[in-house]
Amino acid sequence: MNSQPTIIRVLALAAASMAAAASASADDAIVKTDAYVWKGDTIIQGEYRAWAPSDMQIVSTYHAQPGYYMGIESEWNRANDLTPYPALTTSNRLHRAIYNMGLDEMVNAVEPDTTLRTGKAWGGVWTRDVSYSIILSMAYLQPEASKISLMKKVNANGRIIQDTGSGGAWPVSSDRMIWAVAAYEIFKVTGDRDWLAYIYPVIKNSLFDDLKVVAADNGLVQGETSFIDWREQSYPRWMQTADIYQSQALGTSVVHAQAWKVLAEIASLLGHKDVARLALDNHTTIASAVNRELWMPDKGYYAMYNYGRNFPIINPRAETLGESLAIIYDIADKSRARSITENNPTTPFGVAIFFPQIADMPPYHNNSLWPWVAAYWAIANAKVGNETGVMEAIGSIFRPAALFATNKENFVLDNGDIATQLNSSNMLWCLAGNIAVTHKILFGIHFSVDGLEFKPFVPEALADTRTLSNFTYRNAVLDITVSGYGDRIKSFKLNGKEHKPFIPADIKGHNKIEIVMADNAIEPMKVNHMANVKAPLTPITWIADGTLHWNPIEYINHYIVLRDGQRIAKTYTTTFDIDVPGEYQVIGVNDDSTESFASEPRSTVPAIIVEMPGESTSFVSKEIVYEPVAPIAGYHGNGFIEIDHASAPVELDVEVPADGLYSVSLIYSNGNGSVNTENKCAVRTLVVDGNDAGAIVMPQRGEGKWSDWGRSSVLRVPLTAGRHKLAIAFRNENENMNLGTNHAIVDRMEVVRIK
């Protein structure tokens, strides 16, 4: 608790700050939205103030949630020596203090073993957290800790580790390949050829496994939306983890596209031309699929993901990290990149993780803003040239940093508060984003294999003379000054002489860089300002007596009925007579045309049931983790089969009545771990007439829940009329993150003709 003298001092400082703010006119605002204003050295949000008494202190009067269980800070004071790091000089004291707080908390994040701690409340190294942080700024500020952290995320098989979660981690979540992008960023910073040789096989082996397990038949990548890994926070409740694996997300697909591009560049540098060509082809395949399958011309941005079972449909939400990465990594062309920055909804507190929100979910990924995502959004807007977008993105990072006197993880989109489901101070990726917006936007520092390229983007509201002193780059120390504003460089000098805005990698010693901007008016672009929106609840459907039924949803204007993924009817009732066999879903639409998720697919097409050979009702595998506390129940036929590493392929004969496209799935149980932790997802390859057709995934369904039967992921395969030999086999690429347990029990196979 704060002592009474501290409270008195804070109140006195608050009074001084309020007086200063009151004396300033509205025109002095650096950033102003309907929620807050950044004016001079103060952030003002309603009754609350945050300001910087000095470069090394931030004080806040914010107290809306004093009892929040994850803590709230009212003051930051420098605790560490910052002299080894680049020092910022600028006329705005609040900017200097927020920047210094980022450096100070970065030092806190370096553990005794020289790894990067995820957050004050989260110990250890997490693959996606550390990778996104490295890309933002840790690669050059903490290169050794970044290397060691990434090395901690390589398993004994030389593959990138997907952290636990969502039914067994990989492949339900499949964004581990952001590791590759981060690892290559370290090489661009350091030029370390030994590091390049180390990361090459790790990236190559991981990508080639993923090519066989998570590559979708339409060119996209299967698996959970990158970093948004809390199931019902971003997917409809009916979706099981097997369904989430089968979804095809924008962010995860873009990550994979960039990872293949990274592999192509590394392979070229190391002389592996065949790998480079194949990697570039795979990059192109995914990039083309993103633009073909996910672009929504009516909205002007990409869809968040495809989802469903036999007939995927798009989730038309905007997803800010995916949209940002599509711009940064050139998946979106210039026209689409501009459209994204102008159309992605921006609320008064900033851009949401996704938009619109899920009405019956508390804030975390849902109904939330994360500052590190806002940093990627700011960088994307700067690349496009959207000045207003950049300013509001920076404001959405600086507002919470100042008001909460730390780099918190996420904020409620409705009111800007920290009372989300989980939150932590000193968050690595948020402090990394805080620092990155200064270095990568206002100073325009970009790393390449051959050197440093400078592309400052300075909005007129931030016109100033800024200096970044003691910026270390390989064997050189740089003092960089940027003066003026605009998106064009008028003059670039290296050590007093005119020079192109590029510094070669072999530069040595202490060097002075002077950049004068052209003070040009940046072409105006719009921002899609919107109030926060909650989507309708998801209908629950069932079929009875040839009629599709669903529950009425409050505040619904009408419903849309889908058959086999296509919209076939609009209705104001809660029933629909089925006259054509197929897979049916329902979407609710409210008065402002916001749509709910589609309901769980309900099919009227009968399945061909294939019993497993040699069924039993007892366990024999040594891989079982949680023994059943009661006899297994609920299976079809005489029992089930057990599959693990030692199992021979399960061979099956299937006869289909006609040529067509068929979906194949397994009814299975996996009680080796909970749904939200552990890493024991069972993965197998379906073999059709001697040819590998793709992966079938059986995620965990709960500790010891062996009578909890579910459907595996669905694999679509073409079959001709007649008898076929199918097999469920274990391949090397099926090895999961656990390495020891890859085990499930299978009740039956279901084969359905879908086309």
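Everything numeric here is computed off the predicted structure, so don't read it as measured data. (Residues numbered from 1 in each chain as written. Predicted model: local features only at pLDDT ≥ 70, side-chain atom pairs only at ≥ 80, totals over all residues. Heavy atoms only, no water.)

Participant: What's the story with the sheet that holds strand β3 (residues 42-45) in this structure? I'm lost.
Facilitator: By definition, the strands of a sheet pair up through backbone hydrogen bonds, in either a parallel or an antiparallel sense. Pairing in this open sheet of six strands is antiparallel, and the strands run β1-β2-β3-β4-β5-β6 from one edge to the other. Edge strands, defined here as strands with exactly one partner in the open sheet, are β1 (29-32) and β6 (75-77). Across the sheet, the mean angle separating the axes of adjacent strands is 15 degrees when strand polarity is ignored. Pairing geometry for β3 and strand β4 (residues 48-54), over four bridges, is antiparallel. Within the sheet, the bridge partner assigned to Ile 43 lies in β4 and is Ala 50. Contacts from helix α2 (residues 93-109) reach β2 (37-39), β3, β4, β5 (57-60) and β6, with the element oriented near 85 degrees to β4. Contacting β1, β2, β3, β4 and β5, helix α13 (residues 387-403) runs over the sheet at an angle of about 90 degrees to β3. (Pairing = 2+ DSSP bridges. Helix = DSSP H or I, 4+ residues; strand = E, 2+ residues; numbered from the N terminus. Axes fitted to C-alpha atoms, helices over the stretch in contact; angles between N-to-C directions. Contact = heavy atoms within 4.5 Å.)

Participant: Please explain the confidence of the model for the chain as it appears in this structure.
Facilitator: Predicted coordinates in areas of low pLDDT are best not read in detail. Model confidence for the chain is summarised by a mean pLDDT of 94, while 95% of its residues fall at 70 or above. Predicted confidence is poor over residues 1-26, with pLDDT under 50, and the contacts of this stretch with residues over four places away or in other chains come to 23 contacts. (pLDDT = per-residue confidence, 0-100.)

Participant: Would you mind showing me how to read the pairing of strand β27 (residues 509-517) here?
Facilitator: Each regular strand carries side chains that alternate between the two faces of the sheet. Pairing between strand β23 (residues 476-484) and β27: eight bridges, direction parallel. When the sheet's bridge partners are listed, Thr 481 is paired in β27 with Glu 514. In terms of strand pairing, strand β24 (residues 489-494) meets β27 through five bridges, oriented antiparallel. Along β27, the bridge assignment pairs Leu 494 with Ile 513.

Participant: Would you explain the packing of helix α8 (residues 250-269) against helix α10 (residues 320-328) in this entry?
Facilitator: Think of two packed helices as two axes; the pair is described by the angle between the axes and how far apart they sit. Two elements in contact, α8 and α10, have axes whose closest approach is 8 Å; the angle formed by their N-to-C orientations is 30 degrees. Considered as vectors, α8 and α10 are oriented roughly parallel to each other. The two elements α8 and α10 cross, and the hand of that crossing is left-handed. Facing α8, whose interface residues are Leu 250, Gly 251, Val 254 and Val 255, α10 presents Gly 322, Glu 323, Leu 325 and Ala 326. Taken together, the residues that form the contact of α8 with α10 break down as five nonpolar, two polar and one charged. (Parallel < 35°, antiparallel > 145°, perpendicular 65-115°, else oblique. Left-handed = near helix turned anticlockwise from the far one by under 90°. Nonpolar A, V, L, I, M, F, W, Y, C, P; charged D, E, K, R; others polar.)

Participant: Could you clarify how one ought to interpret the side chain of Ser 368 in this entry?
Facilitator: Mapped onto the elements, Ser 368 comes out in strand β18 (residues 368-369). Of the polar contacts made by the side chain of Ser 368, one reaches the backbone oxygen of Tyr 364; its length is 2.8 Å. A distance of 3.2 Å separates the side chain of Ser 368 from the side chain of Trp 370, its partner in a polar contact. In contact with Ser 368, other than residues within four places in its own chain, are Ala 352, Ile 353, Gln 357, Asn 410, Phe 411, Leu 413 and Thr 420. (Polar contact = N/O pair within 3.5 Å; in protein donor to acceptor, adjacent residues only side chain to side chain.)

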